[in-house]
Amino acid sequence: MPLDASLRERIRTSVSDGFAEQIRLTQALVRCPSTRGNEHTAQELMAREMRARGLAVDVFAMDGAAIGRHPGASRISATHSRAPIVVGIHRPSTQAGKSLILQGHVDVVPVGPEDMWSTPPFDPVIKNGWMYGRGAGDMKAGVVSMLAALDALERIGMQPAAPVYVQSVVEEESTGNGALMTHLRGYKADATFIPEPGREELTRANVGVLWFQLEVRGHPVHVAYMGTGANAIDAAYRVVGALRQVEARWNAAKDAEPHYAAIDHPFNLNIGRIEGGDWASSVPAWCRIDCRIAFPLGRTAADAACEIEAAVADFARQDGFLANNPPQVTFNGFMVEGYKLEPGSDAEAKLAAAHQAVMGTPLKSHVATAYLDARVYALFDGMPALNYGCVAEGYHGFDERVNLASLERTTAVMAQFIADWCGLEPVEG
């Protein structure tokens with residue numbers, strides 16, 4: 001039976017009653033500098049908080065061999081995180097509703113030059129209704145909101161009447177292998193809810209993503225005689241030009257996927273990092289470029305990767321120097337297909353009802369031009385994967401921040417969704 005208006009209001013009020021504690025816990029999580037490979041303290045905090053709520057807690061490591069055998073795995077490089085995955089398990093006394101995975105990630109991207117932040121990146125300052133800090137929006141506020149939604153139900157003496165798996169993962173920003181590991185661990189449910197920042201809208205689809213490194217070797221000579229050598233950095237620029245042509249082809253065909261037809265440039269090539277050379281007065285002998293590119297739905301990651309390799313090889317054959325010194329392409333992170341959530345699922349209907357009750361407006365949707373962990377549950381478990389979260393700004397940039405009023409609203413939506421999807425039963429004891 002749908003939730004009545006009275007129960008919805010009790011849940012919303014309960015979220016408000018616990019919001020100060022929710023903010024405190026979010027700040028504690030933001031203070032953990034959980035960049036790639038450094039997520040251990042954040043995961044320890046999450047495990048403590050889950051245990052404090054009476055959840056059974058499963059802490060487990062990435063199984064590189066099992067991940068490597070899965071067709072949806074991304075490449076594992078030397079910088080892949082070794083931090084554990086943490087899952088809190090709620091088991092009901094009776095099962096009246098449908099099971100649910102609540103999932104979020106605690107890994108964050110590097111902060112960049114700290115002097116370009118208006119506040120220290122791991123000091124979660126609150127001003128003008130926003131909490132600042134690296135990861136505040138993407139997505140530690142969302143991770144804490146999963147626990148806060150369950151807390152809100154408990155304050156009114158209720159708990160989900162179906163199994164709920166609260167998953168805190170890593171590697172979302174680099175490979176998606178953390179989410180894949182929960183799948184390989186055997187966690188399954190009737191739906192997944194991921195509170196990534198999303199403008200209080202449902203994310204309908206996300207693109208495929210590849211990470212790769214391009215390495216070019218040159219011929220070093222003294223700069224006084226540079227015409228007799230070959231500059232690896234200049235050569236790398238030329239190869240990037242060939243990759244831009246791949247980017248242009250993929251965007252020219254975007255209308256084939258209706259979800260992305262209205263977006264001007266959904267498939268972006270980003271040159272994220274470059275290093276090369278050893279000496280200002282020597283023609284550089286080497287250059288390495290780290291790249292990220294998005295590719296269209298309906299294509300496999302392997303097929304997109306082959307097109308990248310072919311584009312580099314074809315260009316090199318036409319280049320006077322590179323023809324005899326071909327660049328090397330190494331895929332070293334994301335190698336993932338996109339996904340889409342088709343309308344019409346019962347899970348989406350219940351989310352829409354909760355959104356309408358809290359926001360007073362119909363639920364809207366959008367598509368993402370980035371990676372989302374929802375793809376694991378949609379592609380490999382065949383379950384509805386709802387990516388829905390609060391308003392946040394500046395993530396992956398400077399002065400990342402989350403809007404606290406929006407966070408409270410979306411937490412109330414999540415709590416009502418849990419109650420409607422899982423059903424409710426009195427808290428034991």
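Above this text is the structure in question.
A short tour of the structure in this document, coming up. (Residues numbered from 1 in each chain as written. Predicted model: local features only at pLDDT ≥ 70, side-chain atom pairs only at ≥ 80, totals over all residues. Heavy atoms only, no water.)

## Observations concerning the overall build of the protein
- Looking only at helices and strands, one finds 11 helices and 19 strands in the protein.
- The C-alpha atoms of the protein give 23 Å as radius of gyration, which agrees with the globular expectation for 429 residues (22 Å, within 12%).
- Principal axes of the C-alpha set define a box for the protein whose edges measure 80 × 45 × 40 Å.
- Counting over 429 residues, the protein shows a buried share of 58%.
- Within the protein, contacts between residues separated by at least 24 positions form 84% of all contacts whose residues are at least 6 apart in sequence. (Helix = DSSP H or I, 4+ residues; strand = E, 2+ residues; numbered from the N terminus. Rg over C-alpha atoms; globule rule 2.2 N^0.38 Å. Buried < 20%, exposed > 50% of the residue type's maximum accessible area, 1.4 Å probe, protein only. Contact = heavy atoms within 4.5 Å.)

## A few points about the packing of aromatic side chains
- A full pass over the atoms with the stated rule returns 11 aromatic pairs.
- Ring geometry for Phe60 against Tyr187: centres 6.4 Å apart, planes inclined by 25°, an arrangement best described as stacked. Of the two residues, Phe60 is situated in strand E1 (residues 56–60) and Tyr187 in the loop between helix H6 (177–185) and strand E8 (192–194); the sequence distance between them amounts to 127 residues.
- Judged by its relative accessible area of 4%, Phe60 falls in the buried class.
- Seen in terms of ring centroids, Trp117 and Phe398 are 6.4 Å apart; in terms of plane orientation they differ by 85°. Their pairing is edge-to-face. With Trp117 in the loop between strand E3 (100–105) and strand E4 (126–127) and Phe398 in the loop between strand E17 (392–393) and strand E18 (401–403), this residue pair connects regions lying 281 residues apart in the sequence.
- The exposure class of Trp117 is buried, given its relative accessible area of 7%. (Phe/Tyr/Trp six-rings, centres within 6.5 Å; stacked < 30°, edge-to-face > 60°.)

## Some words on helix H9 (residues 346–359)
- If you check H9, its first and last C-alpha atoms are 20 Å apart, about what 14 residues at 1.5 Å a residue would give, namely 20 Å.
- Residues of H9 that are buried: Ala347, Glu348, Lys350, Leu351, Ala354, His355, Val358 and Met359. Seen from one end, H9 has its buried residues packed into an arc of 160°, which puts them on one side.
- Elements that come into contact with the buried residues of H9 comprise helix H1 (5–17), E8, strand E9 (202–206), strand E16 (385–388) and helix H11 (404–422).
- Trailing H9 by a residue or two, Gly360 shows a phi angle of about 80°, which is positive. (Expected span 1.5 Å × (residues − 1). Arc of directions from axis to C-beta.)

## Some thoughts on the sheet that holds E17
- A sheet is described by the order of its strands in space; here four strands give the open sequence E4-E5-E18-E17, paired in antiparallel fashion. A strand with exactly one partner marks an edge of an open sheet, and here the two such strands are E4 and E17.
- Here three bridges tie strand E5 (residues 130–132) to E18, and the two strands are oriented antiparallel to one another. Bridge assignment links Tyr132 to a residue of E18, and that residue is Arg401.
- Where helix H5 (residues 136–155) meets the sheet, its contacts fall on E5, E17 and E18, and the angle it forms with E18 comes to roughly 50°. (Pairing = 2+ DSSP bridges. Axes fitted to C-alpha atoms, helices over the stretch in contact; angles between N-to-C directions.)

## Describing the sheet that holds strand E11 (residues 269–276)
- An order of E11-E12-E10-E13 is seen for the four strands of this open sheet, with the pairing classed as antiparallel. In the strand order of this sheet, the two ends are held by E11 and strand E13 (328–336), each with one partner. The sheet shows a mean angle of 15° between the axes of neighbouring strands, direction not considered.
- Across seven bridges, E11 lies against strand E12 (residues 286–295) in antiparallel orientation. Looking across to E12, one finds that Asn270 is bridged to Arg292.
- The strands touched by helix H7 (residues 232–252) within the sheet are strand E10 (208–217), E11 and E12, with E12 carrying the most contacts at an inclination of about 10°.

## Observations regarding the environment of Leu424
- Inspection of the secondary structure puts Leu424 in strand E19 (residues 424–426).
- Residues Leu424 and Gly157, spaced 267 residues apart in sequence, show a C-alpha to C-alpha distance of 9.7 Å.

## Some points on the pattern of salt bridges
- The final tally for this structure, using the stated rule, is 28 salt bridges.
- The closest approach of N and O atoms between Glu201 and Arg199, which form a salt bridge, is 3.4 Å.
- Look at Glu201 and you get buried, because its relative accessible area is 15%.
- Residue class for Arg199 comes out exposed when judged on its relative accessible area of 51%. (Salt bridge = Lys/Arg side-chain N within 4 Å of Asp/Glu carboxyl O.)

## Quick notes on the nonpolar core
- Membership of the largest hydrophobic core comes to 118 residues, with the highest contact counts inside it found for Leu210 and Ile308.
- In this structure, Leu210 is in contact with Cys291, Arg292, Ile293, Phe295, Ala301, Ala304, Ala305, Ile308, Phe331, Phe334 and Met335, ignoring residues within four places of it in sequence. (Core = buried A, V, L, I, M, F, W, Y, C linked by side-chain atoms within 4.5 Å.)

## Some words on the pairing of E3
- In terms of burial, E3 is a largely internal element, six of the six residues being buried.
- A two-sided burial pattern is seen for E3, the buried positions comprising Leu100, Leu102 and Gly104 on one face and Ile101, Gln103 and His105 on the other.
- Relative to strand E7 (residues 164–169), E3 runs parallel, the two being bridged by six bridges. Bridging across to E7, Gly104 finds its partner in Ser168.
- Bridge count for E3 against E8 is two bridges, and the pairing is parallel. The residue bridging Ile101 from the neighbouring strand is Thr192, located in E8.

## A look at the environment of Val30
- Relative to the elements of secondary structure, Val30 occurs in helix H2 (residues 19–30).
- When the C-alpha positions of Val30 and Tyr132 are compared, they lie 9.1 Å apart, and in sequence the two are 102 residues distant.
- Among all residues touching Val30, those that are not within four sequence positions of it are Pro121, Phe122, Pro124, Met131, Gly133, Arg134, Ala136 and Lys140.

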